[in-house]
Amino acid sequence: MCGIVGYIGTDLAFPFVLKGLKRLEYRGYDSSGMAFLNKNQIDITKSVGKISQLEDLMLSKTHTSKIGIGHTRWATHGEPSDRNAHPFYSNSKKLAIIHNGIIENYAIIKKELQNKGFQFESDTDTEVLINFIENIQQENQVSLEKSLRIALQKIRGAYCILIISVDHPDTIFAARKGSPLVIGIGNNTHYIASDASPIVEFTKEVIYVNDYQIAIIKSDELILKNLGNETITPQITKLDLEITSIDKGIYDDFMLKEIEEQPFTVFDCLRGRLDFKNCNIKLSGVEEFEQQFKQTQKITIIACGTSWHAGIYGKYIIETFCRIPVEVDYASEYRYRNPIIKKGDILIPISQSGETADTLTAIEAAKKDGALIFGIINVAGSSIARICHAGIYTHSGVEIGVASTKAYTGQLTALVLFTLKLALIKESISKQQILEVIDHLQILPTQIQKIIDQKDQLKSMAEKIYAAPNMLYLGRGFNFPTALEGALKMKEVTYIHAEGYPAAEMKHGPIALVNENLPVVFIAPKDNYLEKLYSNIQEINARKGKIIIIANEQDTNALQYTNEVFYIPNSHEILNPILSIIPLQLLSYFVGKLKHLDVDKPRNLAKSVTVE
Ligand code: F6R
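What about the domain arrangement of the protein?
When cut into domains, the protein gives domain 1 (3-245), domain 2 (250-442) and domain 3 (452-607). Here the C-alpha centre of domain 3 lies 25 Å away from the C-alpha centre of domain 2. Each partner contributes to the interface: domain 2 provides 35 residues, whereas domain 3 provides 32 residues. Of all residues in domain 2, Met255, Tyr316 and Val402 give up the largest surface area on contact with domain 3, accounting jointly for 21% of the area buried on that side. Here domain 2 is connected to domain 3 by two salt bridges. One salt bridge in this structure joins Lys593 and Asp253, with 3.0 Å as the shortest N-O distance. Viewed at the interface, domain 3 and domain 2 are joined by 13 residue pairs in polar contact (both at pLDDT 80 or more). With ten residues, the top contributor of residues to the side of domain 2 that touches domain 3 is helix α10 (residues 305-322). Among the residues forming the side of domain 2 that touches domain 3, the class breakdown is 19 nonpolar, twelve polar and four charged.

With respect to the pattern of salt bridges
Per the stated rule, a full pass over the model turns up 33 salt bridges. The residue Lys94 makes a salt bridge to Asp167 at a minimum N-O spacing of 3.6 Å. Of this pair, Lys94 sits in the loop between β5 (88-89) and β6 (95-103) while Asp167 is found in the loop between β7 (157-165) and β8 (168-177), placing the two residues 73 residues apart along the sequence. Exposure remark for Asp167: the relative accessible area of 45% places this residue in the partly exposed category. One salt-bridge network, in which partners are shared between bridges, spans Lys19, Arg23, Glu201 and Asp247.

Description of the packing of helix α3 (residues 106-115) against helix α4 (residues 125-140)
Where α3 contacts α4, the axes come no closer than 9 Å and their chain directions differ by 50 degrees. Comparing their axes, α4 and α3 come out oblique. Here the hand of the crossing between α3 and α4 comes out left-handed. Of the residues in α4, those in contact with Tyr106, Ile109, Lys110 and Leu113 of α3 are Asp125, Val128, Asn131, Phe132 and Asn135.

Some remarks on the packing of aromatic side chains
This model, assessed by the stated rule, comprises 13 aromatic pairs. On the numbers, 4.0 Å between centres and 15 degrees between planes, the contact of Trp308 with Tyr330 is stacked. One end of the pair, Trp308, is in helix α10; the other, Tyr330, is in strand β19 (residues 326-330), and 22 residues separate them in sequence. Over the ring of Tyr89 we find Lys93; its NZ or CZ atom is 4.8 Å from the centre of that ring.

Let's talk about the site of the ligand
What surrounds the ligand is a group of 15 residues, the closest being Ser307, Ser351, Gln352, Ser353 and Thr356. Residue Thr356 places a side-chain N or O atom 2.4 Å away from an oxygen atom belonging to the ligand. At 3.4 Å, a backbone N or O of Val402 approaches an oxygen atom of the ligand. The protein chains hide 90% of the 400 Å² of surface that the ligand would expose on its own. Residue assignment for the shell around the ligand shows that the elements contributing at least two residues are α10 and α17 (480-494). Residue classes in the shell around the ligand are distributed as five nonpolar, eight polar and two charged. When residues of the shell around the ligand are assigned to domains, at least three map to each of domain 2 (250-442) and domain 3 (452-607).

Considering the sheet that holds strand β1 (residues 3-8)
Read across the sheet, eight strands follow the order β3-β2-β4-β1-β10-β9-β11-β15 without closing on themselves; strand pairing throughout is antiparallel. The open sheet terminates on both sides in strands that have one partner only, identified here as β3 (41-48) and β15 (236-238). Mean inter-strand twist for the sheet, computed between neighbouring axes without regard to direction, equals 20 degrees. As paired strands, strand β9 (residues 182-185) and strand β10 (residues 190-193) are joined by four bridges and run antiparallel to one another. Bridge pairing in β10 links Val182 to Ala193. In the packing of helix α1 (residues 13-24) onto the sheet, the strands contacted are β1, β2 (31-38), β4 (67-73) and β10, and the crossing angle to β1 comes to about 160 degrees. Each of β2, β3 and β4 touches helix α2 (residues 51-59); the most contacted strand, β3, lies at about 135 degrees to it.

Comments concerning the pairing of strand β26 (residues 546-552)
For β26, the buried fraction is high: six of the seven residues fall into the buried class. For strand β25 (residues 519-524) and β26, the ladder comprises six bridges, and the chain directions are parallel. Looking at the pairing, Phe522 lines up with Ile549 of β26. As judged from the four bridges shared by β26 and strand β27 (residues 565-568), these two strands associate in the parallel manner. Bridge pairing in β27 places Ile550 opposite Phe566.

Conventions used here
- Residues numbered from 1 in each chain as written.
- Predicted model: local features only at pLDDT ≥ 70, side-chain atom pairs only at ≥ 80, totals over all residues.
- Heavy atoms only, no water.
- Domains from an automatic or database assignment.
- Contact = heavy atoms within 4.5 Å.
- Buried area = accessible area lost by both parts, 1.4 Å probe.
- Salt bridge = Lys/Arg side-chain N within 4 Å of Asp/Glu carboxyl O.
- Polar contact = N/O pair within 3.5 Å; in protein donor to acceptor, adjacent residues only side chain to side chain.
- Helix = DSSP H or I, 4+ residues; strand = E, 2+ residues; numbered from the N terminus.
- Nonpolar A, V, L, I, M, F, W, Y, C, P; charged D, E, K, R; others polar.
- Buried < 20%, exposed > 50% of the residue type's maximum accessible area, 1.4 Å probe, protein only.
- Axes fitted to C-alpha atoms, helices over the stretch in contact; angles between N-to-C directions.
- Parallel < 35°, antiparallel > 145°, perpendicular 65-115°, else oblique.
- Left-handed = near helix turned anticlockwise from the far one by under 90°.
- Phe/Tyr/Trp six-rings, centres within 6.5 Å; stacked < 30°, edge-to-face > 60°.
- Lys NZ or Arg CZ within 6 Å of the ring centre and 35° of its normal.
- Near = heavy atom within 4 Å.
- Areas by Shrake-Rupley, 256 points an atom, 1.4 Å probe, with all protein chains shown as cover.
- Pairing = 2+ DSSP bridges.

Shown next as structure tokens:
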């Protein structure tokens, strides 16, 4: 959600800023802009639309500056337009700013500044912030650094900002609260970005800036301070990221690349964690807090979007295997609804990016109340990963397609490992039952590959449904979250209005939608619900819905109702959802392609939702 980049060093700034914005485009793509310091002035160029439009404008210019900043926007305040695109000048044009986040009290500050004669060209909170800083500097006759500190103490909300100044031609000022900021250390050069993807090509040594810190960045010096003006020693981290993982390679789209990576990403999540011989699951994060896990009476899972669907799956399997009550909450609801949390309770945040603002804030509240925070996170070193007491990394690799695919199967796999470990600690099921799941887990990557190898069948299915305005996804039990996630993927990538429902619940409303034009996808692998689910299939069949069934191999029953059956390999019933979501991801992908849509960057969406 909004991407920021900055460069200060020995080379020209433009190539890094442009490339960096392209790498971060998944974070926001309604407009973009850049600012460079050139001989006593700041030159800003911005454009509505994709980065390629900004690139066209920039390529006709001469570039000499070695200090620059760039921004790709996901609109919060003000419609997407050239006027509202970042960067923004201050009124004197001596300062320029880019910002990821939201300044909540901007309206009142704006009014005060307008009364003092400040003019605004945009509707944004960001333009207010840079003028607020300038005003403090002018009125108090203080340095830019001090006025920045004063301003940051007075604003409410979230921010990651970069500022350049005509009076400081050798410095980029940066600050963060709630929105991510990474600084790469090069040779007399610093690379700045919202995440490590623009940086990894140039250096593997980075510093993750923490909340309430200001960075004063020169080409050969980096000073970190807190808002109280105390200097902080920067902690250098080595990036565990390869450039190949953030390139499309042979693929046209990240979405297909990431779907097809799933045999490997699920394998990476399992790697070194299964011990069939000793019937054990190796998860050091759980082992460290074993007593607390043994005694806990309640688990709460919080997450947003796709990760929330993984949370529902987590509830089903943890309650089945470990016999502990599990609540699943949207992080955005949890943080405001005054939930009951007691010392010793366990809170499991699930997040791909590790930066989702609602999840982050909800964790902070639960942590204060004494909960143990056990994260299921993909991005190592992310803000959420850093505030958890312990957790499991899903090891899904960088996910760039805005619609989450491989991160979801990583989350489900991590939840299975967690559940088995907890069941072992609680002795809630027999070792034999655990070994059965481990046995099936070991062949899961090969089974996922088998599904991907049959993707042409899903392409043909897509051709039959892509013109539909609505769709329904129905599943029961462990595959109820698959129905939710399948529908979300279709909605996001194709703009078809799709609803996911527990199959039996469909009779209480959605059945009114059913007619011969409505594609209805049933997720129907062999499990305890299958017989009941077939009654629901008959109900839709009687109303002439266009039935698609995801069934297990050898389930010939499905063919009685439709020719549109996609077979997935047989597995343990709790693992079926890791297989059954793959054809649904592919179906959405192919429908999106048939509709000539940008499947990697669906309209209005952003990858990492760092505003509430
Ligand atoms: C959907 C999708 C979103 C995210 C949600 C949470 O395809 O990607 O719904 O799942 O924004 O993001 P994370 O998992 O990064 O906290």
